[in-house]
Amino acid sequence: MIELIGLSKHYDTVRAVDDVTLTIPTGTVTVIVGASGSGKSTLLRLVNGLVTPTSGHVEINGRDTRKIPSHDLRRRIGYAIQDHGLFPHWTAARNIATVPDLLGWPKARVKQRVQELMTLLQLDPAVIGARYPHQLSGGQAQRVGVARALAAEPELLLMDEPFGALDPAIRAQAQSDLKALQVRLGTTVLLITHDMAEAIFLADHIAVMRAGRIEQYGTPADILARPANSFVSGLVAVADRPFRYLSLFSVADFVEDGPADGPPIPADATLSEALARMIWSGQDTLPVAGMADHCIRRHSLIGVAGPPRSGAVR
Amino acid sequence: MIRRISVACLCIVVLAFLLMPDMFRPVLQPLVAEGMPPIYDRANLLMLTLAHLGLVVAAIIPSAILAVSLAIFVSRPAGSEFLPLSRALTNFGQTFPPVAVLALTVPLLGFGLWPTLLALFLYGLLPIFENTLAAFVTLSPSVREAAAAMGMTPRQRLWRVELPLALPLILEGGRIATIIALSTATIGSTVAARSLGEVIIAGLNSNNLAFILQGGILTAALALLISEVFSFVIRRLQYTQQAR
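Read on for a plain summary of the structure.

Reading the values: rules and limits
Residues numbered from 1 in each chain as written. Chains lettered and ligands numbered in written order. Predicted model: local features only at pLDDT ≥ 70, side-chain atom pairs only at ≥ 80, totals over all residues. Heavy atoms only, no water. Helix = DSSP H or I, 4+ residues; strand = E, 2+ residues; numbered from the N terminus. Buried < 20%, exposed > 50% of the residue type's maximum accessible area, 1.4 Å probe, protein only. Contact = heavy atoms within 4.5 Å. Areas by Shrake-Rupley, 256 points an atom, 1.4 Å probe, with all protein chains shown as cover. Lys, Arg positive; Asp, Glu negative; His and termini not counted. Charge placed at Lys NZ, Arg CZ, Asp CG, Glu CD. Pairing = 2+ DSSP bridges. Axes fitted to C-alpha atoms, helices over the stretch in contact; angles between N-to-C directions. Buried area = accessible area lost by both parts, 1.4 Å probe. Salt bridge = Lys/Arg side-chain N within 4 Å of Asp/Glu carboxyl O. Polar contact = N/O pair within 3.5 Å; in protein donor to acceptor, adjacent residues only side chain to side chain. Nonpolar A, V, L, I, M, F, W, Y, C, P; charged D, E, K, R; others polar. Phe/Tyr/Trp six-rings, centres within 6.5 Å; stacked < 30°, edge-to-face > 60°. Parallel < 35°, antiparallel > 145°, perpendicular 65-115°, else oblique. Left-handed = near helix turned anticlockwise from the far one by under 90°.

### A look at the overall build of chain B
Here's step 1: Within chain B, the regular secondary structure consists of ten helices and zero strands.
Here's step 2: From first element to last, N terminus to C terminus, chain B shows the α and β order α-α-α-α-α-α-α-α-α-α.
Here's step 3: Dimensions of chain B, computed from the C-alpha atoms along their principal axes, are close to 75 × 50 × 20 Å.
Here's step 4: Across the 244 residues of chain B, 46% fall into the buried class.
Here's step 5: Restricting the contact set of chain B to residue pairs at least 6 apart, pairs at least 24 apart contribute 74%.
Here's step 6: On chain B, roughly 12,300 Å² of surface is accessible, and the fraction owed to carbon and sulfur atoms is 73%.
Here's step 7: Within chain B, the 10 negative side-chain charges are centred at a point lying 10 Å from the centre of the 15 positive side-chain charges.

### A look at the sheet that holds strand β1 (residues 2–11) of chain A
All names here are of chain A.
Here's step 1: An order of β2-β1-β4-β5 is seen for the four strands of this open sheet, with the pairing classed as antiparallel. The open sheet is flanked by β2 (14–24) and β5 (63–64), the only strands paired with a single partner.
Here's step 2: Bridge analysis of β1 against strand β4 (residues 55–60) gives five bridges, and the strand direction is antiparallel. Looking across to β4, one finds that L4 is bridged to V58.
Here's step 3: On the sheet, helix α1 (residues 40–47) packs against β1, β2 and β4 and is oriented at approximately 120° with respect to β1.

### Some details on the environment of E130 of chain B
Here's step 1: Within the secondary structure layout, E130 of chain B lies in helix α6 (residues 113–137).
Here's step 2: Taking C-alpha positions, E130 of chain B is 8.4 Å from A67 of chain B, a pair spaced 63 residues apart along the chain.

### With respect to the interface of chain A and chain B
Here's step 1: Each side of the interface is counted separately: chain A has 23 residues, and chain B has 23 residues.
Here's step 2: Among the residues of chain A in contact with chain B, P88, H89 and H134 of chain A are the three that bury the most area, contributing 29% of the side total.
Here's step 3: On inspection of chain A and its partner chain B, the count reaches one salt bridge.
Here's step 4: One salt bridge connects E145 of chain B with R45 of chain A, and the closest N-O pair in it is separated by 2.9 Å.
Here's step 5: Applying the counting criterion to the chain A and chain B interface returns six residue pairs in polar contact (both at pLDDT 80 or more).
Here's step 6: Going through the elements one at a time, α2 (70–75), β6 (77–81) and α4 (98–102) of chain A are the ones with two or more residues in the side of chain A that touches chain B.
Here's step 7: For the side of chain A that touches chain B, the residue count by class is eleven nonpolar, seven polar and five charged.

### Digging into the packing of aromatic side chains
Here's step 1: Taken as a whole and judged by the stated rule, the model has seven aromatic pairs over all chains.
Here's step 2: Taking 5.4 Å as the distance between ring centres and 65° as the angle between the ring planes, the aromatic pair formed by Y245 of chain A and F249 of chain A counts as edge-to-face.
Here's step 3: The exposure class assigned to F249 of chain A is buried, which follows from its relative accessible area of 12%.
Here's step 4: Their ring planes at 75° and their centres at 5.1 Å tell us that F17 of chain B and F24 of chain B sit as a pair that is edge-to-face. In terms of burial, F17 of chain B and F24 of chain B fall into one category: buried.
Here's step 5: The structure contains a cluster of three or more aromatic residues connected by ring pairs, namely Y245, F249 and F254 of chain A.

### A closer look at the sheet that holds strand β12 (residues 285–288) of chain A
Residues and elements named next belong to chain A.
Here's step 1: Strand order across the open sheet formed by three strands is β11-β13-β12, with antiparallel pairing between neighbours. The open sheet is flanked by β11 (256–257) and β12, the only strands paired with a single partner.
Here's step 2: In the sheet, β12 pairs with strand β13 (residues 291–297) via four bridges, with the strands oriented antiparallel. By the bridge assignment for β13, L286 is matched with I296.

### Topic: the packing of helix α7 (residues 141–149) of chain B against helix α8 (residues 154–184) of chain B
Two packed helices can be described by the angle between their axes and the distance between those axes.
Residues and elements named next belong to chain B.
Here's step 1: Contact pair α7 / α8: the axes reach a minimum separation of 10 Å and the direction vectors enclose 165°. Considering the angle they form, α7 stands roughly antiparallel to α8. Where α7 crosses over α8, the handedness of that crossing is right-handed. When α7 is examined against α8, the residues V143, R144, A147 and A148 are found in contact with a partner set consisting of R157, V161, E162 and L165.
Here's step 2: Of the residues belonging to the contact of α7 with α8, the class tally is five nonpolar, no polar and three charged.

The structure is reproduced here in structure tokens:
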């Protein structure tokens, strides 16, 4: 468990980060959303000591990080940034090996770990391993950056707009890859972004930040359904908000008894996928794959998607 | 390719001249009056060239060590206050004419090697210092931040990231400093340091155009060749780190 306790960073009269208290449960993804200048980058840098707090502190599993030498602390916290910051004079493999090397792991173990991570991130160790950063595509460099951050099995992974430099075509793929990776490894992640859709997709918990303060903290469903104030509702009030909300639930949770025709939808598809299919095909019900005599009804989905109404929202 | 071939040819001609100067007698003979020697004969040209190179190396290496150390120091938080002072110092070394250094230091250090070494040493500081500093300043902020965030100590950041990335620019400074030193070393012979300047001065004293030319051209050829060696190494380094 990572705890940010009363963290503040003041530059002269500017309160970049103002009394932020936040708990990140082990194995979950917390996303901080905010515009540029909201203090979210500073907050991230306070966690690994790149910025020294004016007041407050961070605890990792109950241990005050002020008592750990900063370079030791940073070796235990992974860090991935927008323009990846790969060392241009080192190959991809050596970049990934940075922290294990600093920790003095035996050569064989480092090599094995690099191979393992590259495979995990779909980078061919034999081909990509020997390349220099300038020889990598944007997506490859981003994944090498993530592999480097994960190399020494950090207790916490900090990510500063990790997909910001990717073009939209590959960004969605990179986001789902990260999500799958996080589920598989169970890494605790603190990620910052200015993109609410990205936050809703990736987060277990979202903290909306403005002017150095947390405006709202909650699950994606909370933030979408019950924005705490006009600032947060401004961030989530976009045309496809109902679809975003529906995308948080899976078909399996809303299966009802009854027959339906047509091609079945997988039980692990999201409700937004199901609704989109119904609108497109003009059906009111869809059969669910692997579940005979069960279906999902449009009427029920529409009940889920709207703003809070008594009894309609889970 | 053409560049490589011409460098190789130049190298062969210089070596041939140093090892078998008599072969060039017919070329230089028309430049001198009857009875005068066309090839410098008061000392072995190869030995003079080696002495010349030795002088440059002996001055530039300590100059580079000081200039790089100084640049490292003033680019750390603790040393940033000393940046203006260091700039002034190295600028002074560059603007103060080497001849004046010789004139001022001969009474203190005596004739020969030492005043020349000092003059060349001072002359080499500025290009190396300024280039090293520029390399540190232009280092990508995200690379710098990544090095800190990965948990490198300040010393590890310097040795593993900053210096290797600065190396091409540092070597560029070394190239400039070395070329300047190679040509400036000739004036050392006015205070009796052994260098190719001896050949030029002998030519001036005895009105021997062949001497002046062979001293001058040898010096220029050496500068060209050494510059090529530096450029080759720099290009190789940059190939692996284009995106700096």
